[in-house]
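# Per-entry structural report
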Amino acid sequence: QVQLVESGGGSVQAGGSLRLSCVASGYTGKNYYMAWFRQGPGKEREGVAAIARDGTTTYTDSVKGRFTISKDGAKQTIDLQMNSLKPDDTAMYFCAARRIGMFILPTESDMHYWGKGTLVTISS
């Protein structure tokens, strides 16, 4: 049984930074492919960043160079450092896990476990 809980969301001005954290229960980092998704108002849920068992990372084009995903297997956490935030980054951010590894950024249906989300609001 895997449970994921996100934290770190909040409201910041454009250009600011936030660091999101996902704490996994019943999870061992080496056994799962992890990802951060987001869903803005009126938009579909999209993959933002993912990190594989071996540490390989992938990002959606809109966040490349600004966001960094990382994991700590010992602490069972997956973080998303978000810099140079833009109003378009406003969304509910979700942590997700997949039982089998992947080689590309996943879609929502690829994931098996989900957190309930943490809200990120960026003002201009």
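In case you missed it, the structure is sitting above this.
The following refers to the structure shown.

Each value, and the rule that gives it
- Residues numbered from 1 in each chain as written.
- Predicted model: local features only at pLDDT ≥ 70, side-chain atom pairs only at ≥ 80, totals over all residues.
- Heavy atoms only, no water.
- Pairing = 2+ DSSP bridges.
- Helix = DSSP H or I, 4+ residues; strand = E, 2+ residues; numbered from the N terminus.
- Axes fitted to C-alpha atoms, helices over the stretch in contact; angles between N-to-C directions.
- Salt bridge = Lys/Arg side-chain N within 4 Å of Asp/Glu carboxyl O.
- Buried < 20%, exposed > 50% of the residue type's maximum accessible area, 1.4 Å probe, protein only.
- Phe/Tyr/Trp six-rings, centres within 6.5 Å; stacked < 30°, edge-to-face > 60°.

## A few points about the sheet that holds strand β3 (residues 18-25)
The strand order β1-β3-β8-β7 describes an open sheet built from 4 strands, whose pairing is antiparallel. Taken across any chain shown, the strands that pair with only one partner, and hence form the sheet edges, are β1 (3-7) and β7 (67-72). For this sheet the average axis-to-axis angle between neighbouring strands, irrespective of direction, equals 15°. Note: β1 against β3, 5 bridges, orientation antiparallel. By the bridge assignment, Ser7 is partnered in β3 with Ser21.

## Regarding the pattern of salt bridges
One pass over the full model with this rule turns up 6 salt bridges. The residue Glu46 makes a salt bridge to Arg38 at a minimum N-O spacing of 2.9 Å. Its relative accessible area of 31% is what places Glu46 among the partly exposed residues. Among the salt bridges present, the one from Arg45 reaches Glu108, with a minimum N-O distance of 4.0 Å. Taken together, the residues span a long stretch of sequence, with Arg45 in the loop between β4 (33-39) and β5 (46-51) and Glu108 in the loop between β9 (91-98) and β10 (113-114) at a distance of 63 residues. Three or more residues joined by partner-sharing salt bridges are found here, namely Arg38, Glu46, Arg66 and Asp89.

## Comments concerning the environment of Gly65
Tracing the chain through its elements places Gly65 in the loop between β6 (57-59) and β7. Look at Gly65 and you get exposed, because its relative accessible area is 83%.

## Points about the packing of aromatic side chains
If you walk through the whole model with that rule in mind, you get 3 aromatic pairs. Measuring from centroid to centroid gives 4.9 Å for Phe37 and Trp114, while their planes differ by 65°, and the two rings are edge-to-face. Of this pair, Phe37 sits in strand β4 while Trp114 is found in strand β10, placing the two residues 77 residues apart along the sequence. By relative accessible area, Phe37 is classed as buried at 0%. By relative accessible area, which is 26% here, Trp114 ends up partly exposed. Judged by centre distance (6.4 Å) and plane angle (80°), the rings of Phe94 and Trp114 are edge-to-face. Note that Phe94 is positioned in strand β9 and Trp114 in strand β10, a separation of 20 residues in sequence. Here a set of aromatic residues connected by ring pairs shows up, and it is made of Phe37, Phe94 and Trp114.

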